Amino acid sequence: ILHNIYPNYQGVIAHLPWLLWLMDLASATNSAPRRRLALSILALLTGSQLLLGAPQALSFSLFAEALFAVFLVWHRRPRWTFWASWIAANLLGVLIGAVQLLATRALLANSTRDHFDPMIGSLMPSQLLQLLAPNLLSRHLPRFACSEPLYFGAVPLILGLWWLTIRYPLSAIRYRTDGGLRIADSGKRLGLFAIILGVLAGWLALGDNGYLYCLQTRLPLVGQFRLPGRYFTLVAFAASILTAIAFDHLLTGIRAGWKASWRQLALPWAVVGVALALAIAFRFAYPKENGSSIHRNYFAGPLFLCGAAAALTLAARGRMVGLFALLALTVVDLEVFSVQAPFWRESLWRGLPTLTEFAERAESPPRPREGRWLDDAFEMPHPAFFGQPVLQGYHGGLEPMKRLNYRTLAALRVSHTAWQHLSRFDKPNPVLGLRRVDELWYEVPDPLPRLYLVSRAQVSENPAADIQRIDLKTTALVTHPIEVEAGEVGSAALLHEQPGELRLRVEAPGRRLLVIAESYDPNWRLTVDDKPMTVERVNGDFLGCVVEAGEHDVRFVFRPPSVLYGRLLSRIGFGIVLLIAGVSCFQMLIRSRRAAGARPPLRSCE
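Note that the structure is predicted; figures quoted are calculated from it, not measured. (Residues numbered from 1 in each chain as written. Predicted model: local features only at pLDDT ≥ 70, side-chain atom pairs only at ≥ 80, totals over all residues. Heavy atoms only, no water.)

Enquirer: What should I look at first to understand the overall build of the protein in this one?
Expert: Scanning the protein from terminus to terminus reveals 17 helices and 17 strands. Residues classed as buried in the protein amount to 46% of the 606 residues present. For the protein, the exposed area adds up to about 31,600 Å²; of that, 60% sits on carbon and sulfur atoms. (Helix = DSSP H or I, 4+ residues; strand = E, 2+ residues; numbered from the N terminus. Buried < 20%, exposed > 50% of the residue type's maximum accessible area, 1.4 Å probe, protein only. Areas by Shrake-Rupley, 256 points an atom, 1.4 Å probe, with all protein chains shown as cover.)

Enquirer: Would you mind going over unusual backbone geometry with me for this structure?
Expert: Leaving glycine out, the prevailing phi sign among residues is negative, and the prevailing peptide bond configuration is trans. The phi dihedral of Arg-77 is positive, around 50°, even though this residue is not glycine. Along the polypeptide, Arg-77 turns up in the loop between helix H4 (55-75) and helix H5 (80-96). The class of Arg-77 is exposed, set by a relative accessible area of 59%. Here the phi dihedral of Leu-227 falls at roughly 55°; this positive angle occurs in a residue that is not glycine. Relative to the helices and strands, Leu-227 is located in the loop between helix H9 (212-216) and helix H10 (232-256). A relative accessible area of 22% means that Leu-227 is categorised as partly exposed.

Enquirer: Is there a simple way to think about the environment of Gly-253 in this case?
Expert: Among the secondary structure elements, Gly-253 is positioned in helix H10. Separated by 64 residues in sequence, Gly-253 and Arg-317 place their C-alpha atoms 8.9 Å apart.

Enquirer: Would you mind going over the sheet that holds strand E14 (residues 531-533) with me for this structure?
Expert: In a beta sheet, neighbouring strands are held together by backbone hydrogen bonds and run either parallel or antiparallel to one another. As summarised here, the arrangement of the five strands in space is E10-E11-E17-E13-E14, forming an open sheet in which the pairing is antiparallel. Both outer strands of the open sheet, strand E10 (491-498) and E14, are each paired with one neighbouring strand and no more. If you compare each strand with its neighbour and ignore which way they point, the axes differ by 25° on average. (Pairing = 2+ DSSP bridges. Axes fitted to C-alpha atoms, helices over the stretch in contact; angles between N-to-C directions.)

Enquirer: Would you take a moment to explain a nonpolar patch on the surface for this structure?
Expert: On the surface, Leu-568, Leu-569, Ile-572 and Ile-576 cluster together to form a nonpolar patch covering roughly 310 Å² of accessible area. Tracing the sequence through the fold places Leu-568 in helix H17 (residues 561-598). (Patch = residues over 30% accessible without salt bridge, like charges linked within 9 Å, V, L, I, M, F, W, Y side chains within 5 Å. Salt bridge = Lys/Arg side-chain N within 4 Å of Asp/Glu carboxyl O.)

Enquirer: Is there a simple way to think about the sheet that holds strand E3 (residues 372-375) in this case?
Expert: Overall, mixed pairing links the four strands, which are arranged E3-E4-E6-E5 in an open sheet. Two strands lie at the open edges of the sheet, namely E3 and strand E5 (435-436), each paired on one side alone. Two strands pair when backbone bridges link them, and E3 and strand E4 (residues 417-421) are joined in this way by four bridges, in the parallel orientation. By the bridge assignment, Trp-373 is partnered in E4 with Trp-419.

Enquirer: Please explain helix H2 (residues 16-28) as it appears in this structure.
Expert: One turn of an α-helix holds 3.6 residues; hence residues three or four places apart share an orientation. With 13 residues, H2 extends 19 Å from end C-alpha to end C-alpha; this agrees with the ideal 18 Å at 1.5 Å per step. Inspection of H2 places Leu-16, Leu-19, Leu-20, Leu-22, Met-23, Asp-24, Ala-26 and Ser-27 among the buried residues, and these make up the whole buried set. Contact partners of the buried residues in H2: helix H1 (7-14), helix H3 (32-52), H4, H5, helix H8 (188-205) and H10. (Expected span 1.5 Å × (residues − 1). Contact = heavy atoms within 4.5 Å.)

Enquirer: Could you clarify how one ought to interpret the packing of H1 against H2 in this entry?
Expert: The description of two packed helices rests on the angle between their axes and on the distance between the axes. Running from N to C, H1 and H2 cross one another at 20°; their axes reach a closest spacing of 5 Å. Classified by the angle their axes make, H1 and H2 are roughly parallel. For the pair formed by H1 and H2, the contact residues are Val-12, Ile-13 and Ala-14 on the first element and Leu-16, Pro-17 and Trp-18 on the second. Each residue belonging to the contact of H1 with H2 can be placed in one class, and the counts come to six nonpolar, no polar and no charged. (Parallel < 35°, antiparallel > 145°, perpendicular 65-115°, else oblique. Nonpolar A, V, L, I, M, F, W, Y, C, P; charged D, E, K, R; others polar.)

Enquirer: Sorry if this is basic, but what is going on with the packing of H4 against H8 here?
Expert: Here H4 crosses H8 at 150°, and the two axes come no closer than 11 Å. Between H4 and H8, the interaxial angle falls into the category roughly antiparallel. Taken as a pair, H4 and H8 cross one another with a handedness that is right-handed. Where H4 abuts H8, its residues Phe-63, Ala-64, Leu-67, Phe-68, Phe-71, Trp-74 and His-75 lie against Arg-189, Leu-190, Leu-192, Phe-193, Ile-196, Leu-197, Leu-200 and Leu-204. In the contact of H4 with H8, the residues fall into 13 nonpolar, one polar and one charged. (Left-handed = near helix turned anticlockwise from the far one by under 90°.)

Enquirer: Where do I start with the packing of aromatic side chains in this structure?
Expert: On inspection of all chains with the given rule, the structure shows 15 aromatic pairs. Between Phe-60 and Tyr-231, the ring centres sit 4.3 Å apart and the planes meet at 45°, which makes this aromatic pair tilted. Residue Phe-60 is located in helix H4, and its partner Tyr-231 is located in the loop between H9 and H10; the two are separated by 171 residues in the primary sequence. This pair shows no difference in class: Phe-60 is buried, exactly as Tyr-231 is. One aromatic cluster is present, built from ring pairs that chain together Tyr-9, Phe-60, Phe-63, Tyr-213 and Tyr-231. Residue placement shows Arg-230 over the ring face of Tyr-6; its charged tip is 5.0 Å from the ring centre. Between Arg-369 and the ring centre of Trp-419, over which it is positioned, the NZ or CZ distance is 5.7 Å. (Phe/Tyr/Trp six-rings, centres within 6.5 Å; stacked < 30°, edge-to-face > 60°. Lys NZ or Arg CZ within 6 Å of the ring centre and 35° of its normal.)

Okay, here's the thing in structure tokens:
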């Protein structure tokens with residue numbers, strides 16, 4: 001819930017419990033059709049994760065799955081056919097997600113990702129104090145430190161610590177259920193899996209502070225992920241497993257009449273004492289940050305831990321009310337530290353505005369003017385959300401490589417940029433040569449139109465430098481010699497536009513070069529009067545083509561092979577999985593009917 005500003009990240013992680021459950025189900029059954037059906041659903045879920053488009057979250061899920069597979073070797077000892085089927089299911093899942101995977105790979109090949117430091121966002125060991133008080137270090141973290149929310153709740157932390165101290169004594173509890181004796185499953189094996197998963201994920205989350213993440217940076221694909229602190233998501237997942245096991249033990253102990261000793265409650269209460277001591281220390285060290293002595297930044301977390309320890313004590317001493325108190329405290333904890341989202345500037349769960357109200361909050365230029373915006377703010381609501389074209393609209397780390405420097409006036413003019421919007425939170429950084437209109441808006445003087453013709457083409461190997469020295473209205477930079485005729489430039493008009501398609505009407509008095517302020521990509525396809533032509537790279541980053549004298553119908557269509565082939569592969573993978581699932585269901589139905597027919601008929605009682 002704390003990742004509520006990343007819905008696709010949330011969605012990928014939400015698949016994880018179901019994937020592990022399906023793996024356990026497939027490894028435990030001796031029925032081949034049941035195993036194939038379970039793994040078919042696993043393949044669908046893996047494909048669903050890929051289609052959601054959060055590759056880093058998917059890598060976390062696969063990491064947990066691989067560790068769980070090792071756990072099943074010890075716990076279930078499945079046949080070798082399970083491993084072959086599990087690997088095949090994951091490959092089919094990759095096939096289902098091929099349309100997303102191939103497109104992401106193509107984008108990655110032409111992005112700035114290689115220039116990012118993968119260690120950005122490493123978790124500092126001191127940040128683990130946030131487990132005791134969620135906002136303890138909210139104002140004391142250096143720039144580029146891991147800003148991921150580390151708090152996963154008071155109840156999981158207290159129950160997990162308690163389970164570490166009592167898991168062996170509880171393994172001998174017996175109680176009567178449905179007329180027979182049952183040995184309460186201590187969950188030692190599953191708990192050990194959770195501990196190993198949490199330790200490894202926490203170690204990886206440390207990034208360059210823990211050295212293990214350095215090994216990942218040497219691997220293909222996953223080595224380019226940054227923000228290693230996000231691995232802490234798996235730590236929270238492991239804590240939830242320990243919480244479930246501990247809660248089951250409490251319920252088992254209450255039904256069996258077992259009571260924990262006071263010594264077994266020492267560790268949870270000791271953590272409560274440490275949390276209160278930290279809160280008091282921070283309160284006196286930073287008194288000016290608080291308006292009162294009981295401030296949520298420091299004391300809310302320790303108070304929740306104290307409540308969780310008190311509820312645990314009641315439950316461990318045989319009081320059922322303690323279990324209900326743990327449940328109630330969890331709900332309140334989620335409300336205070338997750339749903340209200342104190343980590344962000346405003347709640348994303350409560351009081352959401354309507355779309356109209358949201359649009360009204362968008363800051364607009366002082367006066368209407370055609371052209372793109374260079375938006376330095378990176379704030380909500382983003383202008384692109386309302387149909388306003390922006391110069392750099394992607395901030396997720398896969399920005400395409402650019403040859404121009406868009407902190408210069410010439411680059412802004414040639415890119416059809418009309419305004420620069422500054423951030424109200426960061427230090428102002430306007431581009432030199434712009435005209436200031438108000439506090440946050442700077443005007444780009446004389447931006448070029450989005451479509452225009454030029455009568456001169458100049459070859460350039462360094463467009464970022466050469467763009468500063470040419471007449472932008474009559475000359476364009478190209479990658480190889482192009483013959484054009486001097487004279488009047490002519491005109492160009494946009495007839496139709498939709499994502500991936502541009503249709504233009506061009507009138508040229510002679511052989512001219514058409515320039516379009518639209519990002520160049522080798523997968524654009526061009527026809528002039530329905531005849532295929534060559535797409536040119538113009539002014540470093542934009543589209544262009546040569547047109548002869550006369551009136552022409554020009555059409556640009558973006559058709560990347562990654563999407564075409566990916567869509568085909570996804571359909572094939574989805575069809576294979578549905579076929580396997582359908583055959584498995586049919587075989588299970590036939591077997592159940594045969595088993596029903598083999599039973600002796602019931603004789604009626606006279």
